[in-house]
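Structural characterization, general
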There are 2 protein chains.
Amino acid sequence: MRADAQRNYARLLAVAEEEIALNGADASLEQIARIAGVGSGTVRRHFPTRHALLAAVFRDRVESLCAQARDRVGRTDARAALLEWLSAVTTSAATIRGLAMALNRDRAADAEHEHCATTQLTEAGEPLVRQAAGVLAPGVTIADLLALITGIALATEDHPDPAAEANRLFALAVAGLSPQGEVRRPAAAR
Amino acid sequence: MRADAQRNYARLLAVAEEEIALNGADASLEQIARIAGVGSGTVRRHFPTRHALLAAVFRDRVESLCAQARDRVGRTDARAALLEWLSAVTTSAATIRGLAMALNRDRAADAEHEHCATTQLTEAGEPLVRQAAGVLAPGVTIADLLALITGIALATEDHPDPAAEANRLFALAVAGLSPQGEVRRPAAAR
DNA sequence: TTGCTAAACGGCGGGGGTCTCCGTATCGTA
DNA sequence: TACGATACGGAGACCCCCGCCGTTTAGCAA
């Protein structure tokens, strides 16, 4: 890659991160180009789709989460290991503007890309779930957990303290909103 | 209201309902105007904001849900009454394209309008929650339940069977994803 | 150093969307 | 039937996404 291309790539990434933090996943690409001082074509060359830009912006963060998951595999307190990680994911999803929407969108895209954030998180979290299978409600998958988390993050995006609120809601869901009764029964609910 | 205005209003509402069902809450207002055979100014006159249009389109449905809530107040099995109603809300939010997003947005708008859908549902559901307070986890409010439901609906919007998936996730949250013990948050995120 | 070439750049043009405003057509009434 | 209030339509200004192409420039090689 040519030196000027590298410079522009880095610049765009930095600007995009700011702009997305400010305006969410729908931030204007044109605006990003303007701030970065490049033509709109340059943005498009480096990031052919909006999804590509989002993926690049959030890559480090997602990889960090995946690493955190790997670090927790094999711990004896499987439940705590899983819940702590999920809480970290929740905090990121709720705090980093646009991340939740990005995660949600590429779940919709139906695993079109192998390296999309949702896929990565799913693969990273799967061992933790398997490990903790005994203490989870029957039928709960890593996909369910991530779906719930992204949903919660979307729903709390405009709360004064999104991370706290999201974690609170997720904790409620983990413990059960109304836990009595059919807790351990796998039969279909209505 | 003049007769032609009434006609246009009704036409627009019908077209908007279709178009939103097809393309979600971001459906093009211009497109709606075109299909309805009116000028774009007419759309904006009847519905000054996108929110106003969404509110009008979903009004009947929301009122039906509110009515269902009222019908359930006073039932002896308070828990079932609440859960059934929440399931109905979940089904609507997940099935009717754009509704979840509309609900989510007007929660963000911070009760700007008294008659917004979220407010209505909150008021309608509150008695059911109070009634069932004894069997709910401490600290759970009607706002929490609705936030969770809209979040779940958003996250399952592109699932093959959104209603089933959303209800499944919500049922899991009600019973508890991992019902025993307490959820702990990690010492430091990242 | 100087050419040269492929890679990268910028921005134009077309297609849409939102929002505002105003001249005009139409309704309902006197 | 005539008239005023009301509603209509669409033009204009602005922004955004997307594809394309003429121009510039980095980096290698002579």
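Since we're looking at a predicted model, the values are computed, not measured. (Residues numbered from 1 in each chain as written. Chains lettered and ligands numbered in written order. Predicted model: local features only at pLDDT ≥ 70, side-chain atom pairs only at ≥ 80, totals over all residues. Heavy atoms only, no water.)

So, the protein's contact with DNA strand D
Contacts to DNA strand D come from 22 residues, most closely from A:Arg34, A:Arg44, B:Arg2, B:Asn8 and B:Arg45. Protein-adjacent atoms of DNA strand D, using a 4 Å cutoff, are sugar or phosphate at a proportion of 72%. One nitrogen or oxygen atom from the main chain of A:Glu30 is found 3.2 Å from a phosphate oxygen belonging to DNA strand D. Within the side chain of B:Thr42, a nitrogen or oxygen atom sits 2.9 Å from a phosphate oxygen of DNA strand D. At the level of secondary structure, the elements contributing two or more residues to the surface near DNA strand D comprise α1 (3-23) and α2 (29-36) of chain A together with α1 (3-23) and α3 (40-46) of chain B. Here the surface near DNA strand D takes five residues from α3(B), the largest share from any one element. Here the residues of the surface near DNA strand D sort into five nonpolar, eight polar and nine charged. (Near = heavy atom within 4 Å. Polar contact = N/O pair within 3.5 Å; in protein donor to acceptor, adjacent residues only side chain to side chain. Helix = DSSP H or I, 4+ residues; strand = E, 2+ residues; numbered from the N terminus. Nonpolar A, V, L, I, M, F, W, Y, C, P; charged D, E, K, R; others polar.)

Regarding the pattern of salt bridges
Residue and element names in this part refer to chain A. Applying the stated criterion across every chain, the model contains 20 salt bridges over all chains. In this structure, the salt-bridge partner of Arg-75 is Glu-84, at a minimum N-O distance of 3.4 Å. Two residues, Arg-97 and Asp-158, come together in a salt bridge whose shortest N-O distance is 3.9 Å. Separated by 61 residues along the polypeptide, Arg-97 in the loop between α5 (78-95) and α6 (99-108) and Asp-158 in the loop between α8 (142-155) and α9 (162-175) bring together distant segments of the chain. Asp-158 sits in the partly exposed class, given a relative accessible area of 44%. What emerges from the salt-bridge pattern is a single network uniting Arg-72, Arg-75, Asp-77 and Glu-84. (Salt bridge = Lys/Arg side-chain N within 4 Å of Asp/Glu carboxyl O. Buried < 20%, exposed > 50% of the residue type's maximum accessible area, 1.4 Å probe, protein only.)

Considering the relation of the copies chain A and chain B
The relation between the two copies of this chain is a rotation about an axis and a shift parallel to it. The transformation that overlays chain A on chain B combines an axial shift of 0.0 Å with a rotation of 180°, and the residual RMSD is 0.1 Å. Taken together, the rotation and translation relating the two chain copies correspond to the operation of a two-fold axis. Minimal C-alpha distance to the rotation axis in chain A is attained by A:Gly176, lying at 1.7 Å. (Least-squares fit on C-alpha atoms with pLDDT ≥ 70 in both.)

So, the protein's contact with DNA strand C
Inspection of the region around DNA strand C gives 22 residues, with A:Arg2, A:Asn8, A:Arg45, B:Glu30 and B:Arg44 positioned closest. In the interface set of DNA strand C, defined as its atoms within 4 Å of the protein, sugar plus phosphate atoms amount to 70%. A:Gly39 places a main-chain nitrogen or oxygen 3.1 Å from a phosphate oxygen of DNA strand C. Within the backbone of B:Ala3, one N or O atom sits 3.0 Å away from a phosphate oxygen of DNA strand C. Every element with two or more residues in the surface near DNA strand C is listed here: α1 and α3 (40-46) of chain A together with α1 and α2 (29-36) of chain B. At five residues, the largest contribution of residues to the surface near DNA strand C is made by α3(A).

Overview of the domain arrangement of chain A
Residues and elements named next belong to chain A. Under the domain assignment used here, chain A contains domain 1 (1-48) and domain 2 (58-177). Once you take the C-alpha centre of each, domain 1 and domain 2 turn out to be 28 Å apart. Tallying the contact residues gives six residues for domain 1 and five residues for domain 2. Summed over both partners, the interface of domain 1 with domain 2 buries about 410 Å², with 55% contributed by carbon and sulfur atoms. A per-residue breakdown of the area domain 1 buries against domain 2 is headed by Ile-20, Ala-25 and Asp-26, which together make up 66% of the total. (Domains from an automatic or database assignment. Contact = heavy atoms within 4.5 Å. Buried area = accessible area lost by both parts, 1.4 Å probe.)

Structural notes on the interface of chain A and chain B
The partner chain B presents 45 residues to the 49 residues of chain A that form the contact. Here chain A meets chain B over a buried area of about 3,900 Å², counting both sides, of which 58% is carbon and sulfur. Counting the contacts that link chain A with chain B gives two salt bridges. Going through the elements one at a time, α4 (50-72), α5, α6, α8 and α9 of chain A are the ones with two or more residues in the side of chain A that touches chain B. Top element by residues in the side of chain A that touches chain B is α9(A). It accounts for 10 residues.

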